[in-house]
Amino acid sequence: MPRTTALSDIRNIGIIAHVDAGKTTTTERILYYTGRKHTIIDIHDTKDLKTSTTTDYLEQEQKRGITIQSAAVSAFWRDKKINLIDTPGHVDFTIEVNRSLRVLDGAVVVFDGVAGVEPQSETNWRLADNYDVPRICYVNKMDRSGANFLRCVEMIKNRLNARPLPVQLPIGSEDNFKGMIDLVEMKALVWESDDKDAEWQTLDVTPDLADQLHITMPSDRKILADVNKYRTELIDTCLEQDDEAMEAYLNDGTVPSADVLRKALRKGTITSAFNPVLCGSSYKNKGVQQVLDAVVDYLPAPTDVAAIKTVDADGNPVGERKTADEEPFSALAFKVINDAYGALTFVRVYSGVLTKGASVQNSTRGKREKIGRMVEMFAKEANPIEEARAGDIIALVSLAETETGDTLCDSANPVVLERMRFPDPVISVSVKSKVKAEQEKFSAALGKMVRADPSLHLETDRETGQTILRGMGELHLEVTLDRMRTEFGVEGTMGEPQVAYRETITRKIQENYTHKKQTGGSGQFAEVWIIFEPLERSAGFEFVDETVGGSVPREFVPAVEKGLKIQKEDGVLAHFPTVDFRATLIDGSYHDVDSNALTFEIAAKAAFREGLKKAGPILLEPVMKVETVTPQDHLGDVIGDINRRRGTIQEQIERGNNIAVVATVPLSEMFGYIGQLRSMTSGRASYTMEFSHYEPVPKQVADEVIAEVAKLKAAANA
């Protein structure tokens, strides 16, 4: 079956933004204007659960009015196929943005015209930087009170270290937002109505445009008066990408045509030399078609971006796979979800062709997978397909062995594609089935949720036997349990949230330990000399073997490392995992008969327990970056409250008519913050929070934590 859409006509893009910037509203309009939908549903119409937007179809998304999992849809615009992923903006669901950006070729970053660059905008921008994803910016909500296009552009430049390039300028703002000036064509696009089917008028850009359109606000009139300044900036920046046009412009004064400018804008966007900035109001149906034009004109096709890297077992690049049908098949599984069709594994095909019934290799796990049903997803609808080609994003039904981040490939030409990087959880709760008889069903459902979401970790407390679920925040864990109720019909209860403390050491010490046990028959013997030393924050754990002369036989060294890795999960202060240290095996001894791998593992564990007590162990706690947006008259209360929570104020930023207070605060002090914040600001303030770093816990607080853990352990053993 031949290819139906040329590779150069495909755009795999994501819509990313801070929560409430208007991503899902924009996606709804895109689907309407591309003919994939015949009605528009707005977020605020979904709270009664009787209807939903296309991409926010989970019950939890409708109740909360936020996006929780990324949803894939596809549409055609100007004969180009756009595969679009709408991603969440809430910090607890950053994993969804992370794994979507990994497989996308470009992104539309939506900004709130009033608030500008918000915390999650920064986080998502950094993720896009990590994966080298070309971006265009869309300043949305220009119709809202306090909207300011130029301030938003300035924030993109200063807070994101980006190079924003306006390709449009707003005509008016707030209630008087009429449309935009297209700086490429030098035409004014003006809407007379907010209706979804309203046509825009194309007017010439003349000096009296502000008067003609009754634009009265001084700042709006200034933008229109400076239109030639912004046009010159656009031309100068574009000419950096086109030497021929630059020469013609400098020598003969030839002004580049709109087509030459678009070509240069495309090249600059794909190489991330700059980011084109558009404006509009998705809710008022102004500017969405122009965003679609920009996606087609400026964002890359799969053939325009660098080939995907292949890696060895340690994750080091060893080669690449070009995006072409003629290459051997390779694909990356970037998401697993559970729904009415069974387990759906979303994959991005990077090379070759995949057909129904084929047998492929999961090279990450060394397993084989038989391809049964293949579907193209339109949010929650699954449309069966017979084959998928390079550049496609599809879902495979009921794969048994494949998880997020795994590579599927042709078994005759195996490769492992570059993996994704996932954040470690910072908060944990104990969970159990609400109904005792359903515990088995509950555990199975929990296992499926963890398989689908790599930022969830599941473990059993060795002493209490409780099931511990770890995640990125309280909302993340709440939504996970709620989705188990709606997707698997099993209800669970959650204990009090617990902070993911860590332990580390502050001094370098050497521990010599001999494990000797003599019972009837052969005994047990192993001696290890290990140096323990602290490393910098976030360095993790390092094991170094510096033994010489076979003092510890080669075959027993891995057992020493294994013993340390197991024991470091049970710290010497309060049983929290120990991090950021190096263990160097420098010497030891063995017995020909009484030594084996197990004896060296036991000796290493004991050396850790004894040695770390002498190495100045301390407790580390997760510290969060918190941004609280409050009206000016409550600023003093908000800052005072943050200081009481052991917080450190970093900066204060103007956000429209409000002030954003940026601070770092220990996670343990942030439980119940929203209730306190609402009561002291009469419900007018809001906050966002994301993990920043680990730092030492003050001694008084550490003593309390250690005493509390000891009390809980004693109660569990009583």
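Residues numbered from 1 in each chain as written. Predicted model: local features only at pLDDT ≥ 70, side-chain atom pairs only at ≥ 80, totals over all residues. Heavy atoms only, no water.

K.L.:
Just checking my understanding: could you explain the overall build of the chain for this structure?
P.N.:
Counting its secondary structure elements, the chain contains 18 helices and 37 strands. Expected size for 718 residues packed as a compact globule is a radius of gyration near 27 Å; at 29 Å, the chain falls within 12% of this value. The C-alpha extent of the chain, read off along each of the three principal axes, is 100 × 65 × 60 Å. In the chain, which comprises 718 residues, the share counted as buried stands at 57%. (Helix = DSSP H or I, 4+ residues; strand = E, 2+ residues; numbered from the N terminus. Rg over C-alpha atoms; globule rule 2.2 N^0.38 Å. Buried < 20%, exposed > 50% of the residue type's maximum accessible area, 1.4 Å probe, protein only.)

K.L.:
How should I be thinking about the sheet that holds strand β31 (residues 524-534) in this particular structure?
P.N.:
Hydrogen bonds along the backbone pair up the strands of a sheet, which may run parallel or antiparallel. Spatially, the four strands line up as an open sheet ordered β30-β31-β33-β32, and their pairing is mixed. The open sheet has two edge strands, β30 (509-517) and β32 (541-545), and neither has a second partner. Each adjacent strand pair in this sheet contributes to an overall mean axis angle of 25 degrees, direction not counted. With nine bridges joining them, β30 and β31 adopt antiparallel strand pairing. Paired with K516 across the bridge in β31 is F525. Lying on the sheet, helix α15 (residues 597-613) is in contact with β30, β31 and β33 (581-589); it crosses β31 at an angle near 40 degrees. (Pairing = 2+ DSSP bridges. Axes fitted to C-alpha atoms, helices over the stretch in contact; angles between N-to-C directions. Contact = heavy atoms within 4.5 Å.)

K.L.:
Honestly, the environment of G106 in this entry has me stumped. Any pointers?
P.N.:
Checked against the element boundaries, G106 lands in strand β4 (residues 106-112). Since its relative accessible area comes to 0%, G106 is described here as buried. The contact partners of G106, leaving out residues within four places of it in the chain, are N12, I13, G14, V133, P134, L299 and P300.

K.L.:
When you look at the packing of aromatic side chains in this model, what are you seeing that I'm missing?
P.N.:
To describe a pair of aromatic rings, you give the distance between the ring centres and the angle between the ring planes. Within this structure, the stated rule accounts for 12 aromatic pairs. For the pair F556 and F600, a centre-to-centre distance of 5.3 Å together with 25 degrees between the ring planes defines the contact as stacked. With F556 in the loop between β32 and α14 (557-567) and F600 in helix α15, this pair connects stretches of sequence that are 44 residues apart. By relative accessible area, which is 12% here, F556 ends up buried. Residue F600 is classed as buried on the basis of its relative accessible area of 0%. Members of the aromatic cluster, joined through ring pairs, are F532, F541, F581 and F608. A cation over an aromatic ring shows up here: R135 above the ring of W125, its NZ or CZ 4.6 Å from the ring centre. (Phe/Tyr/Trp six-rings, centres within 6.5 Å; stacked < 30°, edge-to-face > 60°. Lys NZ or Arg CZ within 6 Å of the ring centre and 35° of its normal.)

K.L.:
Please explain the pattern of salt bridges as it appears in this structure.
P.N.:
Close approach of charged atoms lets side chains of opposite charge pair. Under the counting rule described, the total for this entry stands at 46 salt bridges. One salt bridge in this structure joins D194 and K286, with 3.1 Å as the shortest N-O distance. Taken together, the positions of D194 in the loop between β9 (187-191) and β10 (200-204) and K286 in the loop between β11 (275-279) and α11 (288-298) put the pair 92 residues apart, joining distant regions of the chain. Taking the relative accessible area as the measure of exposure, D194 reaches 37% and is therefore partly exposed. In the salt-bridge network here, residues are joined through shared partners; they are R3, D325, E387 and R389. (Salt bridge = Lys/Arg side-chain N within 4 Å of Asp/Glu carboxyl O.)

K.L.:
How should I be thinking about the pairing of strand β17 (residues 359-362) in this particular structure?
P.N.:
A regular strand places its side chains on the two faces of the sheet in alternate fashion. Here β17 runs beside strand β18 (residues 367-370); their pairing, made up of four bridges, is antiparallel. Its bridge partner being in β18, N362 is matched across the sheet by K367. Where β17 folds back on β18, the antiparallel hairpin that results is connected by four residues, among which G366 adopts a positive phi of roughly 65 degrees.

K.L.:
What is the right way to look at the nonpolar core in this model?
P.N.:
Of all hydrophobic cores here, the largest spans 111 residues; its most connected members are L101, V108, F111, I171, I181 and L265. Here the element with the most residues in this core is α11; it accounts for seven residues. Ignoring anything within four residues of it in the chain, the contact list for F111 reads A21, G116, V117, S121, W125, C137, Y138, V139, N140, C152, I156 and L160. Formed by 43 residues, the second largest nonpolar core is a distinct cluster that contains L481, Y501, L635 and V705. (Core = buried A, V, L, I, M, F, W, Y, C linked by side-chain atoms within 4.5 Å.)

K.L.:
Whenever I open this one, the environment of E122 confuses me. Can you help?
P.N.:
As for its position among the elements, E122 is in helix α4 (residues 119-130). Remark: the alpha-carbon pair of E122 and V167, spanning 45 residues in sequence, is separated by 22 Å. Setting aside chain neighbours within four positions, we find E122 in contact with V117, R159, L160 and K625.

K.L.:
Is there a simple way to think about the sheet that holds strand β8 (residues 179-182) in this case?
P.N.:
Strand order in this open sheet of four strands is β7-β8-β9-β10, and the pairing throughout is antiparallel. Each edge of the open sheet carries a strand with a single partner, namely β7 (168-171) and β10. With strand direction ignored, the average angle separating the axes of adjacent strands in the sheet is 25 degrees. Pairing of β7 with β8, which is carried by four bridges, proceeds in the antiparallel orientation. Paired with Q168 across the two strands is D182, which belongs to β8.

The values are spatial; any link to function lies outside them.
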